[in-house]
Amino acid sequence: QEDNEYSLSSSNTYSYNDKNDWNITRDISKIDGTKSISYITESINELENSIGIGEHAYFILYYQDNEINAYIECPYALEKYADIIYRIDQNTPIKESWERGKDSSTIFSRKPLSFIKKISKGQKIIFRVKPRNRTSDEIEFHISGADKAFKELSMAVEAEKNDFF
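Residues numbered from 1 in each chain as written. Predicted model: local features only at pLDDT ≥ 70, side-chain atom pairs only at ≥ 80, totals over all residues. Heavy atoms only, no water.

(A) Looking closely at the overall build of the protein chain. The helix and strand inventory of the protein chain stands at two helices and 11 strands. Counted from the first residue to the last, the protein chain has its helices and strands arranged as β-β-β-β-β-β-β-β-β-α-β-β-α. In the protein chain, which comprises 165 residues, the share counted as buried stands at 41%. Total accessible area on the protein chain is roughly 9,600 Å²; 46% of this is exposed by carbon and sulfur atoms. (Helix = DSSP H or I, 4+ residues; strand = E, 2+ residues; numbered from the N terminus. Buried < 20%, exposed > 50% of the residue type's maximum accessible area, 1.4 Å probe, protein only. Areas by Shrake-Rupley, 256 points an atom, 1.4 Å probe, with all protein chains shown as cover.)

And the structure:
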């Protein structure tokens, strides 16, 4: 843990950046005691938003209320039908149907735990997504350390009633 930068943002939130480019946050709600864990990494490349300005996308692995999500947050609206293609390191590209979020700028894996397990040994992932009314974009992320996220998030599901923070 000596390679981590720690910051305590409130008495119930613990956040730090690990050596693998993940911003990791563990939180316990002050209102209802709900526990959450998030692993967030910023895209290597910038994407052009709807007004032509370069912005990063985010790849998020998230646990709350005994549910795990794996999703991408883009700086623009995505097509309604969210078929994506992704490639982990130099492996064969995989095509999957993901679900677009209500805000239309997010896209969610339909099987997040099995998806996180697939990427857990990878170093880099490239996604091809389809923005609304534009050609496809490719978004690249460093994912070293996803094995740690897989282990922690799957353990959180099993230990929902235990204090795992």
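(B) Geometry of the packing of aromatic side chains. If you walk through the whole model with that rule in mind, you get 12 aromatic pairs. Aromatic side chains Trp-22 and Tyr-39 sit 6.0 Å apart centroid to centroid with 75 degrees between the ring planes, which places their arrangement in the edge-to-face category. Here Trp-22 is found in the loop between strand 2 (13-17) and strand 3 (23-28), whereas its partner Tyr-39 is found in strand 4 (residues 35-48), with 17 residues between them in sequence. Each member of the pair, Trp-22 as well as Tyr-39, is classed as buried. Measuring from centroid to centroid gives 6.2 Å for Phe-115 and Phe-127, while their planes differ by 40 degrees, and the two rings are tilted. Taken together, the positions of Phe-115 in helix 1 (residues 112-119) and Phe-127 in strand 10 (residues 124-129) put the pair 12 residues apart, joining distant regions of the chain. For the residue pair Phe-115 and Phe-127, the accessibility class agrees, reading buried in each case. Connected via pairs of aromatic rings, a cluster forms that spans Trp-22, Tyr-39, Phe-59, Tyr-86, Trp-98, Phe-115, Phe-127 and Phe-141. Geometry around Tyr-76 places Arg-134 over its ring, the cationic atom sitting 4.7 Å from the centre. (Phe/Tyr/Trp six-rings, centres within 6.5 Å; stacked < 30°, edge-to-face > 60°. Lys NZ or Arg CZ within 6 Å of the ring centre and 35° of its normal.)

(C) Here's a closer look at the packing of helix 1 against helix 2 (residues 146-158). Contact geometry of helix 1 with helix 2 gives a least axis separation of 8 Å together with a crossing angle of 150 degrees. The orientation of helix 1 with respect to helix 2, classified from their angle, is roughly antiparallel. Read as a crossing pair, helix 1 and helix 2 show a hand that is left-handed. Mapping the contact onto sequence places Leu-113, Ile-116, Lys-117 and Ile-119 in helix 1 and Ala-146, Phe-150, Leu-153 and Ser-154 in helix 2. A per-class count over the contact of helix 1 with helix 2 returns six nonpolar, one polar and one charged. (Axes fitted to C-alpha atoms, helices over the stretch in contact; angles between N-to-C directions. Parallel < 35°, antiparallel > 145°, perpendicular 65-115°, else oblique. Left-handed = near helix turned anticlockwise from the far one by under 90°. Contact = heavy atoms within 4.5 Å. Nonpolar A, V, L, I, M, F, W, Y, C, P; charged D, E, K, R; others polar.)

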